Amino acid sequence: MTLFRLDASILPPTSDSRALGDRVEHEWTAAHPDSAVVRRDVATEPISADVWRAAVTGGFTAEDERSPEQREAMAFATTLADELVSADALLFDVPLYNYGPSQHFKTWFDVAYTDSRIDPEGTALRGKPATLVTTIGGNYGPGTPKEGWDHSTPWLRRVLEDVWGLDLRIVKRPFTLVGVNPALDEFADLAASLKEQAEEDATRSGRELAELRSQRSA
Ligand SMILES: Cc1cc2nc3c(=O)[nH]c(=O)nc-3n(C[C@H](O)[C@H](O)[C@H](O)COP(=O)(O)O)c2cc1C
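For clarity, every value in this text was computed on a predicted model and none was experimentally measured. (Residues numbered from 1 in each chain as written. Predicted model: local features only at pLDDT ≥ 70, side-chain atom pairs only at ≥ 80, totals over all residues.)

**Student:** What should I look at first to understand helix H3 (residues 68-86) in this one?
**Tutor:** Turn by turn, an α-helix covers 3.6 residues, leaving residues three or four places apart pointing in a common direction. For H3, with 19 residues, the first-to-last C-alpha span of 27 Å sits near the 27 Å given by 1.5 Å per residue. Taken together, the buried positions of H3 are occupied by Gln70, Ala73, Met74, Ala77, Leu80, Ala81 and Leu84. The arc enclosing the buried residues of H3, seen along the axis, measures out at 120°, which places them on a common side. Facing away from the buried side of H3 by more than 90 degrees, the exposed set consists of Pro68, Ala75, Thr79 and Ser86. Buried-residue contacts for H3 involve strand E1 (2-7), helix H2 (49-59), strand E3 (89-93) and helix H4 (103-112). (Helix = DSSP H or I, 4+ residues; strand = E, 2+ residues; numbered from the N terminus. Expected span 1.5 Å × (residues − 1). Buried ≥ 20, exposed ≤ 12 C-beta atoms within 10 Å, placed from the backbone. Arc of directions from axis to C-beta. Contact = placed C-beta atoms within 7 Å.)

As structure tokens, this is what we get:
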């Protein structure tokens, strides 16, 4: 049994998304102690954007005419897709950066998505249990001055749930910069309760992943 875990924080030592992901992983491992955890950190070991170009153009090129770069990129895409297809459950820890998704995650997604097994028409990932953990420095929820400025979570949901067909749950923690940025000090109580809620959601979601996996294998 295998849990695939991806991390995308550019600041791993202080990462709030990693901390929430650790809770999800803890619940998975508690339920499945013999499970392997396959890890991919796309921020500390980033994938060059050129790999995506080579993988896409390689797909447009006859096999015997592909360049070494195209062959290598396509083989790498196969490796990324293998990690997803062979896992029993998936965990993605992806912060918001500059009002959008992590560029490292986007590049990883684009390369993996070139593999025909996870094409939207016949995705091999349909129904696979998955958790997306996302952390956001500010708060762009309903009624806030910058409502709607989170252009990361909606895109992540769209591609993971609707395009790849995952059975997705989302653990979201806004206001992680409260306590770091003094301008946000007035939101200390709200941020504390949002943190607590996200921690509970992470624990519950880890248990759900473990249970869903058990049901699928029963
Ligand atoms: C370079 C950079 C850009 C960021 N841009 C935004 C932003 O546009 N809006 C926001 O609310 N938070 C922003 N943040 C804050 C992160 O979303 C927040 O710190 C989050 O918790 C990071 O996840 P991590 O703790 O797992 O690294 C940014 C952080 C960094 C380092």
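**Student:** How do you make sense of the sheet that holds strand E6 (residues 129-135) when you look at a structure like this?
**Tutor:** In any sheet, the strands associate via hydrogen bonds between backbone groups, in a parallel or an antiparallel arrangement. Taken in spatial order, the five strands line up as E2-E1-E3-E6-E7 in an open sheet, and their pairing is parallel. Edge positions in the open sheet fall to strand E2 (36-41) and strand E7 (167-173), since each of these has one partner strand only. For this sheet, the mean angle separating the axes of adjacent strands, direction not counted, is 15°. Sheet strands touched by H3: E1, E2 and E3. Its angle to E1, the strand with the most contacts, is close to 130°. (Pairing = 2+ DSSP bridges. Axes fitted to C-alpha atoms, helices over the stretch in contact; angles between N-to-C directions.)

**Student:** Is there a simple way to explain unusual backbone geometry in this structure?
**Tutor:** Note on backbone geometry: most residues besides glycine have negative phi, and most peptide bonds are trans. One non-glycine residue with positive phi stands out, namely Tyr99, at about 70°. The phi angle at Phe175 is positive, at roughly 65°, despite the residue not being glycine. With respect to the element layout, Phe175 can be found in the loop between E7 and helix H6 (188-217).

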